[in-house]
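Close look at the chain arrangement
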Amino acid sequence: MEHGMLSGRRCLVTGGSKGIGKAVVEAFLREGAAVDYLSRSKADDHDSLAAMGPLGWLACDVSDAEALEAVVEEAVKTAPYDVVVNNAGVTRDGLSFRMPLDDWRAVIDTNLTSAFIVSRVAARAMIKRRSGSVINVASVVGLVGNGGQTNYSASKAGLIGLTKSLAREVASRGVRVNAIAPGYIDTAMTEAIPETAKSALRERIPLGRTGTPAEVASVALFLASDLASYVTGEVIRIDGGMAM
Ligand code: NDP
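What comes next is a walk through the structure. As the structure is a prediction and not an experimental result, all values here were calculated from the model. (Residues numbered from 1 in each chain as written. Predicted model: local features only at pLDDT ≥ 70, side-chain atom pairs only at ≥ 80, totals over all residues. Heavy atoms only, no water.)

**Observations regarding the nonpolar core**
Cut-off, in case you're wondering: Side-chain atoms within 4.5 Å are what join buried Ala, Val, Leu, Ile, Met, Phe, Trp, Tyr and Cys residues into a set we call a nonpolar core. Throughout, exposure labels follow a simple rule: accessible area from a 1.4 Å probe, protein chains only, divided by the maximum for the residue type, with under 20% read as buried, over 50% as exposed, and the rest as partly exposed. Starting at the N terminus, helices and strands are each numbered in turn, a helix being any DSSP run of H or I of at least four residues and a strand any DSSP run of E of at least two. Contacts between residues were defined by any pair of non-hydrogen atoms, one from each residue, lying within 4.5 Å.
With 31 residues, the main nonpolar core has Val24, Phe28, Val35, Val85 and Ile180 as its most contacted residues. Of all the elements in the fold, those that place two or more residues in this core are strand 1 (10–14), helix 1 (19–30), strand 2 (34–39), strand 4 (83–86), strand 5 (132–137) and helix 9 (213–224). Sequence-distant contacts of Phe28, defined by excluding residues within four places in its chain, comprise Leu6, Cys11, Val13, Ala33, Val35, Val83, Val85, Ala220, Leu221 and Ala224. With 24 residues, the next largest nonpolar core counts Val76, Val121, Ala125 and Val170 among its residues.

Have a look at this one:
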């Protein structure tokens, strides 16, 4: 597509093999970008996605900091990324008093440290070009907290702090850094929530329904594009009004 919003842009999406990340990959391809996604497994429908535009898969476990840094360093040697979406994330829920330290570390490493590593490698390359957009996928629980998710909420609140601090470091070089904070989105991550808890959650959502990965991808597309050229250090909630 020649006239897409991301025509000619090179993008990286971590955790692009399913859920929200895959919806972002699709939205970016539809708007003319060349997209690499990074995950442990290849998307089930990789080939049909690849029919939409230039698509690469970088196999990597983001919780392995050294491996992740090496993979992204190698990728930016080809050409800098114009857009990076730090989306890979996991939950390991449990009450804090009973939470094994391994569950704390796994979530912080996967959700937060990975974004620090990918962002600084990618942003260094963006700075040389004096343009770029980094988007961190946080969560409303990073804003308001959630019992049983101290590790996850801390990782997401950390992402918001990382977003604002990095935004200040690189703004003068033309690079924008923003976060999105989804609420309750229908993906594999939320599938495990018991139905009773799900309907209680829905009652707390002013728009009266859960969100879709495509609705999150639309906001990521906005932040990636020139439409958001004067937006940096921002956190955009995509939660049907849940955390307002
Ligand atoms: P999914 O479980 O559907 O997808 C998670 C993605 O992250 C997959 O592509 C997975 O790929 C990748 N991933 C997980 N762990 C690793 C790892 N160690 N290394 C590399 N890739 C990894 O989750 P969602 O789409 O729901 O979540 C995406 C993001 O959105 C997460 O950061 C999540 O915290 C956030 N979010 C989700 C909400 C929701 O309601 N769904 C609400 C708020 C925020 P693979 O398994 O192939 O490695």
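**Let's talk about helix 4 (residues 101–129)**
Spelled out, the test is: Given a helix with a known number of residues, its expected span is that number minus one, times 1.5 Å. Note that the bend at a residue is defined as the angle between axes fitted to the seven residues ending at it and the seven residues starting at it.
With 29 residues, helix 4 extends 41 Å between its outermost C-alpha atoms, agreeing within 8% with the 42 Å of an ideal straight helix rising 1.5 Å per residue. Asp109 marks the point of greatest bend in helix 4, at about 40 degrees. Where helix 4 terminates, the next one or two residues include Arg130, which has phi positive at roughly 60 degrees.

**Some points on the packing of aromatic side chains**
Our working rule: The aromatic pairing rule takes the rings of Phe, Tyr and Trp, using the six-membered ring of Trp, and pairs them if the centres are within 6.5 Å, calling planes under 30 degrees apart stacked, those over 60 edge-to-face and the rest tilted. Consider the ring centre and the ring normal. A charge sits over the ring if Lys NZ or Arg CZ is within 6 Å of that centre and within 35 degrees of that normal.
In the structure shown here, the tally under the stated rule is 0 aromatic pairs. One residue, Arg10, lies across the ring of Tyr81, its end atom 4.3 Å from the ring centre.

**So, the site of the ligand**
In plain terms, the rule: Think of it this way: one heavy atom of a residue within 4 Å of a molecule or strand is enough to make that residue near it. Methods summary: accessible areas were calculated by the Shrake-Rupley approach with a probe of 1.4 Å, and residue burial reflects only the protein chains presented. In this analysis the probe radius is 1.4 Å and the grid spacing 1 Å, with only protein atoms considered; a cavity is a set of points the probe fits into but cannot get out of, a pocket is an open set with protein on both sides within 12 Å along at least five of seven lines, and lining residues have an atom within 4 Å of a point. In this description, a molecule resides in a pocket or cavity if more than half of its atoms sit within 2 Å of the grid points defining it. Each residue is assigned to one class: nonpolar for Ala, Val, Leu, Ile, Met, Phe, Trp, Tyr, Cys and Pro, charged for Asp, Glu, Lys and Arg, and polar for all the others, Gly among them.
Near the ligand lie 30 residues; those nearest to it are Arg40, Ser41, Asn87, Tyr152 and Thr187. For the ligand, the accessible surface in isolation is 890 Å², of which the surrounding protein chains cover 95%. More than half of the atoms of the ligand fall within 2 Å of the grid points belonging to the largest pocket. Going through the elements one at a time, helix 1, helix 6 (150–170) and helix 7 (188–191) are the ones with two or more residues in the shell around the ligand. Top element by residues in the shell around the ligand is helix 7. It accounts for 3 residues. Considered class by class, the residues forming the shell around the ligand number 13 nonpolar, 13 polar and 4 charged.

**Some points on the side chain of Ser155**
Structurally, the position occupied by Ser155 is in helix 6. In contact with Ser155, other than residues within four places in its own chain, are Val107, Ile108, Asn111 and Leu112.

**Thoughts on empty space enclosed by the protein**
Rules: Grid points are joined across faces, edges and corners, and a volume is the space filled by probe spheres set on the points.
Scanning the entire structure with this criterion turns up 1 cavity of 30 Å³ or more. Put simply, the largest cavity is a space of about 50 Å³. Every residue lining the largest cavity is listed: Thr14, Val62, Asn86, Asn87, Ala88, Asn111, Ser114, Ala115, Val118, Val137 and Leu159. With 4 residues, the top contributor of residues to the lining of the largest cavity is helix 4. Considering only residue class, the lining of the largest cavity consists of 6 nonpolar, 5 polar and no charged.

**Re the sheet that holds strand 7 (residues 235–238)**
Under the convention used in this document: Paired strands, in this sense, are two strands between which DSSP finds at least two bridges. Each axis is a line fitted through C-alpha atoms, taken for helices only over the stretch in contact, and angles between the N-to-C directions span 0 to 180 degrees.
Here 7 strands make up an open sheet; going across it, the order is 3-2-1-4-5-6-7 and the pairing parallel. Bordering the open sheet on either side are strand 3 (55–59) and strand 7, each of which pairs with just one other strand. Across this sheet, the average inter-strand angle for adjacent strands is 20 degrees, counted without regard to direction. Relative to strand 6 (residues 175–182), strand 5 runs parallel, the two being bridged by 6 bridges. Note on strand 6: the bridge partner recorded for Asn136 is Ala179. Sheet contacts for helix 4: strand 1, strand 4, strand 5 and strand 6; angle to strand 4, the most-contacted strand, approximately 175 degrees. Contacting strand 5, strand 6 and strand 7, helix 6 runs over the sheet at an angle of about 160 degrees to strand 6.

**Quick word on the layout of surface pockets**
Its boundaries defined by the atoms lining it, the largest pocket holds a volume of some 1,300 Å³. Listing elements by their share of the lining of the largest pocket, those giving two or more residues are helix 1, strand 2, helix 4, helix 5 (141–144), helix 6 and helix 7. By residue class, the composition of the lining of the largest pocket is 23 nonpolar, 20 polar and 7 charged.

**Examining the pairing of strand 5**
This is how the line gets drawn: A crossover counts as right-handed when, viewed with the strands pointing away from the observer, the path leading from the first strand over the helix to the second turns clockwise.
Among the 6 residues in strand 5, 6 count as buried, and that is most of the element. Of the two faces of strand 5, the one holding Gly132, Val134 and Asn136 and the one holding Ser133, Ile135 and Val137 are both buried throughout. Relative to strand 5, strand 4 runs parallel, the two sharing 4 bridges. What sits directly across from Val85, in strand 5, is Ile135. Following the chain from strand 4 across helix 4 to the adjacent parallel strand 5, one finds a crossover that is right-handed.

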